[in-house]
Amino acid sequence: MLFSLSNKAAHEIESPCIVIGVSDGGSLSPSAASIDSASGGAIKRLLESRDVATALGKTTFLHHLEGVSAERILLIGFGKQKKLDRARYDRACLAAGKALRDHPMTDCHICIHEHELSGAGFGWKLRQAALAIYRANYRYTATKPIKSDSPTPLESASFQAEDKYQSQIDQAAGLGLGFHKARELGDLPPNICNPAYLAQEASAIAREYSGVELEILDEEQMADLGMDALLGVSRGSSNSARLIILKYSGGAEDQKPVVLVGKGITFDSGGLSMKSPENMIQMKFDMCGAAGVMGAFLACVEMRTRVNVICVVAAAENMPDGNAYRPGDVVTSMSGKTIEVLNTDAEGRLVLCDALTYSQRFEPHSIIDVATLTGACVVALGHHASGLLSNDDELANALVSAGDDVVDRAWRMPLWDDYQSQLDSPVADMQNVGGMSAGMITAGCFLSRFATGQRWAHLDVAGSAWKWGEKEGATGRPVGLLTRYLMSFDSADIEQNAS
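This write-up is about the structure you can find in this document.

The rules behind these values
- Residues numbered from 1 in each chain as written.
- Predicted model: local features only at pLDDT ≥ 70, side-chain atom pairs only at ≥ 80, totals over all residues.
- Heavy atoms only, no water.
- Helix = DSSP H or I, 4+ residues; strand = E, 2+ residues; numbered from the N terminus.
- Rg over C-alpha atoms; globule rule 2.2 N^0.38 Å.
- Buried < 20%, exposed > 50% of the residue type's maximum accessible area, 1.4 Å probe, protein only.
- Contact = heavy atoms within 4.5 Å.
- Areas by Shrake-Rupley, 256 points an atom, 1.4 Å probe, with all protein chains shown as cover.
- Lys, Arg positive; Asp, Glu negative; His and termini not counted.
- Charge placed at Lys NZ, Arg CZ, Asp CG, Glu CD.
- Pairing = 2+ DSSP bridges.
- Axes fitted to C-alpha atoms, helices over the stretch in contact; angles between N-to-C directions.
- Salt bridge = Lys/Arg side-chain N within 4 Å of Asp/Glu carboxyl O.
- Core = buried A, V, L, I, M, F, W, Y, C linked by side-chain atoms within 4.5 Å.
- Parallel < 35°, antiparallel > 145°, perpendicular 65-115°, else oblique.
- Left-handed = near helix turned anticlockwise from the far one by under 90°.
- Phe/Tyr/Trp six-rings, centres within 6.5 Å; stacked < 30°, edge-to-face > 60°.
- Lys NZ or Arg CZ within 6 Å of the ring centre and 35° of its normal.

**Some points on the overall build of the chain**
Right, so step 1: Helices and strands together make up the secondary structure of the chain, namely 16 helices and 17 strands.
Right, so step 2: Its C-alpha radius of gyration of 24 Å places the chain within 12% of the 23 Å reference for a compact globule of 499 residues.
Right, so step 3: Projected onto the principal axes, the alpha-carbon positions of the chain cover approximately 80 × 50 × 45 Å.
Right, so step 4: A burial count over the chain gives 60% of its 499 residues as buried.
Right, so step 5: For the chain, the proportion of contacts with a sequence separation of at least 24, taken over those separated by at least 6, is 78%.
Right, so step 6: Put simply, the chain shows about 19400 Å² of open surface, and 47% of that area lies on carbon and sulfur atoms.
Right, so step 7: Of the side chains in the chain, 45 bear a positive and 61 a negative charge, and the two mean positions are spaced by 6 Å.

Structure representation (structure tokens):
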């Protein structure tokens with residue numbers, strides 16, 4: 001979707017649709033006031049008569065207002081003004097974007113970022129509104145094309161702002177592209193999106209963008225490196241595993257890279273510890289960690305963010321056959337540490353542990369792994385926040401702050417040594433599960449053993465990367481959080497977002 005800026009008076013703008021925000025107890029924004037004045041007070045009258053809903057996310061279309069050049073006005077409710085915060089603002093903007101996507105128009109003019117929001121500058125509101133419009137414009141079409149008589153997503157949108165805010169909508173477009181890539185990869189069926197397909201997607205990124213390098217390791221190369229934990233997971237599948245390494249050198253030559261590690265289990269049957277049918281049906285989403293890091297990588301490359309970043313994707317399928325790894329097996333990881341397998345459905349940590357060990361060769365500034373790792377995360381945090389565990393307070397705080405800024409939030413959980421004993425094994429250095437209690441935390445404890453001496457964080461996105469049982473599919477998270485963290489390494493970005 002193409003973004004542009006226009007500072008022309010709202011009532012004079014010729015567009016299929018102008019989008020303005022309204023709230024209960026708030027004043028009209030400049031553009032809303034302009035339209036109200038030109039139409040002889042139509043907006044205020046409709047608000048006073050309650051013919052326009054101001055509840056959060058509610059939408060109302062007005063057609064051919066006298067004195068207004070646009071064909072229609074879309075009013076989006078921001079709810080009670082005194083309750084409006086960044087998260088509610090984001091929800092309202094997403095609702096506006098969905099209404100536009102599902103309406104027969106391909107162009108619009110957006111003014112919702114003018115709406116009053118305590119503690120947020122104009123630049124932040126503009127970027128977040130533009131990102132929300134871009135995100136909401138997504139529609140899955142890979143195996144279900146849009147019908148000829150159905151509404152089509154927006155092709156372009158202009159925003160009410162001066163030219164000096166160009167960087168904010170450029171950031172929104174880059175972030176939006178990353179979200180869309182992550183959602184598309186997550187939504188693809190597993191017979192298409194397998195480890196080889198993820199490798200092809202990485203190859204396409206490397207071909208399209210200068211400054212991107214790609215390396216793909218096959219199973220023979222991984223075996224030479226001793227990645228028996230990762231390869232143990234893939235043994236039962238006819239689709240061979242891949243370790244995908246994308247490198248982008250946007251920062252200074254001496255800047256240590258940030259390494260993003262993604263769990264890319266393109267389908268998880270549970271292996272021999274097979275899932276029930278109702279739980280297995282959604283397991284194409286078990287590669288959303290990989291989709292998220294690839295989306296964040298793409299967003300940074302698209303924006304030419306001045307940061308060095310490496311994206312490592314551990315891609316495999318977890319399937320049952322006569323060669324599949326078994327409960328009771330002991331596998332040796334690339335680090336040399338041995339792991340007793342108690343549950344073959346706890347496979348994500350096995351592919352990640354080898355990827356974490358491999359990532360240390362880059363002498364990174366920090367390592368962040370992302371995975372749909374545990375159902376326990378969904379029990380603890382629902383679908384609203386990603387779970388965060390880290391061995392470094394500064395890194396954890398930076399990730400939480402990045403997520404808060406772009407409304408892609410995470411919540412830090414404890415990584416105390418008290419939990420480590422739950423992984424004790426009589427026949428190996430550790431077992432791959434720690435029992436029912438504190439399942440998200442013990443999974444993080446397991447991974448922490450492969451990040452010793454590193455600034456490391458783990459994001460469990462089992463609840464945030466898609467909503468269980470919903471038809472919307474993948475969300476694209478945590479592309480926003482990761483990209484915003486990476487953007488913080490760019491001094492130009494710090495200056496641009498100061499206002």
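**Notes on the sheet that holds strand E2 (residues 18–24)**
Strand pairing in a sheet is mediated by backbone hydrogen bonds. Such pairs are either parallel or antiparallel.
Right, so step 1: Read across the open sheet, the six strands follow the order E1-E6-E5-E2-E4-E3; overall the sheet is mixed. With partners counted over all chains shown, the strands left at the sheet margins are strand E1 (2–6) and strand E3 (59–63), one partner each. Each neighbouring strand pair of the sheet contributes to a mean axis angle of 30°, computed without reference to strand direction.
Right, so step 2: Bridging between E2 and strand E4 (residues 72–80) involves six bridges; their strand directions are parallel. Looking at the pairing, Asp 24 lines up with Lys 80 of E4.

**Some details on the pattern of salt bridges**
Once the charged atoms of two side chains with opposite charge are near each other, the side chains can pair.
Right, so step 1: On inspection of all chains with the given rule, the structure shows 22 salt bridges.
Right, so step 2: With its nearest N and O atoms 3.2 Å apart, the salt bridge here joins Asp 490 to Arg 306. Residue Asp 490 is found in the loop between helix H15 (479–487) and helix H16 (491–496), and its partner Arg 306 is found in the loop between helix H10 (288–303) and strand E10 (308–318); the two are separated by 184 residues along the sequence.
Right, so step 3: Here Arg 455 ties to Glu 394 by a salt bridge, and the two come within 4.0 Å at their closest N and O atoms. Of this pair, Arg 455 sits in the loop between helix H14 (439–448) and strand E17 (456–460) while Glu 394 sits in helix H13 (residues 393–406), and the two are 61 residues apart along the sequence.
Right, so step 4: It is possible to trace a salt-bridge network through shared partners that takes in Arg 86, Arg 127, Asp 405 and Arg 484.

**Points about the nonpolar core**
Right, so step 1: Residues Leu 100, Ile 112 and Leu 198 are the most contacted members of the largest nonpolar core, which totals 99 residues.
Right, so step 2: Ranked by residue count, the leading element in this core is H10, at 10 residues.
Right, so step 3: When neighbours within four sequence positions are excluded, Ile 112 is seen to be in contact with Val 19, Ile 20, Gly 21, Ile 76, Phe 78, Tyr 89, Cys 93, Ala 96, Ala 129 and Ile 133.
Right, so step 4: Ranked by size, the runner-up nonpolar core spans 49 residues in total, among them Ile 245, Leu 352, Met 440 and Ala 451.

**Observations regarding the environment of His 103**
Right, so step 1: Mapped onto the secondary structure, His 103 falls in the loop between helix H3 (86–101) and strand E5 (107–110).
Right, so step 2: Exposure remark for His 103: the relative accessible area of 16% places this residue in the buried category.
Right, so step 3: For the pair His 103 and Thr 152, spaced 49 residues apart in the sequence, the C-alpha separation amounts to 7.5 Å.
Right, so step 4: In this view, His 103 contacts Phe 61, Arg 72, Pro 151 and Thr 152; residues no more than four positions away in its chain are not counted.

**Describing the packing of H3 against helix H4 (residues 122–136)**
Right, so step 1: Close contact between H3 and H4 brings their axes to 8 Å; oriented N to C, the two are set at 40°. In terms of their interaxial angle, H3 and H4 are classed as oblique. Helix-helix and strand crossings are classified by hand; for H3 and H4 the assignment is right-handed. Between H3 and H4, the residues in contact are Arg 86, Tyr 89, Asp 90, Cys 93, Leu 94, Ala 96, Gly 97, Lys 98, Leu 100 and Arg 101 and Trp 124, Lys 125, Gln 128, Ala 129, Ala 132, Ile 133, Arg 135 and Ala 136, respectively.

**Looking at the sheet that holds strand E11 (residues 330–332)**
Right, so step 1: Strand order across the open sheet formed by three strands is E11-E12-E16, with mixed pairing between neighbours. Two strands lie at the open edges of the sheet, namely E11 and strand E16 (430–431), each paired on one side alone.
Right, so step 2: Here E11 runs beside strand E12 (residues 338–340); their pairing, made up of three bridges, is antiparallel. Counted as the bridge partner of Thr 332 is Thr 338 from E12.

**Examining the packing of aromatic side chains**
Right, so step 1: All chains considered together, the criterion is met by 10 aromatic pairs.
Right, so step 2: With a centroid separation of 5.3 Å and 45° between ring planes, the pair formed by Phe 446 and Phe 450 is classed as tilted.
Right, so step 3: Residue classification places Phe 446 among the buried positions, given a relative accessible area of 0%.
Right, so step 4: Over the aromatic face of Trp 124 sits the side chain of Arg 86, whose NZ or CZ is 4.3 Å from the ring centroid.
Right, so step 5: The ring of Phe 179 has Arg 135 lying over it, and the distance from NZ or CZ to the ring centre is 4.4 Å.

**Side note on the pairing of E2**
Right, so step 1: Burial analysis of E2 places six of its seven residues in the buried class, which makes it a mostly covered element.
Right, so step 2: Pairing of E2 with E5 involves two bridges; the strand directions are parallel. In the sheet register, Ile 18 faces E5, and the bridge partner there is His 109.

**With respect to the side chain of Asp 286**
Right, so step 1: Within the secondary structure layout, Asp 286 lies in the loop between helix H9 (277–280) and H10.
Right, so step 2: Classification of Asp 286 by relative accessible area gives buried; the value is 3%.
Right, so step 3: With near-sequence residues (within four places) excluded, Asp 286 lies in contact with Lys 263, Ile 265, Asp 268, Glu 347 and Thr 372.

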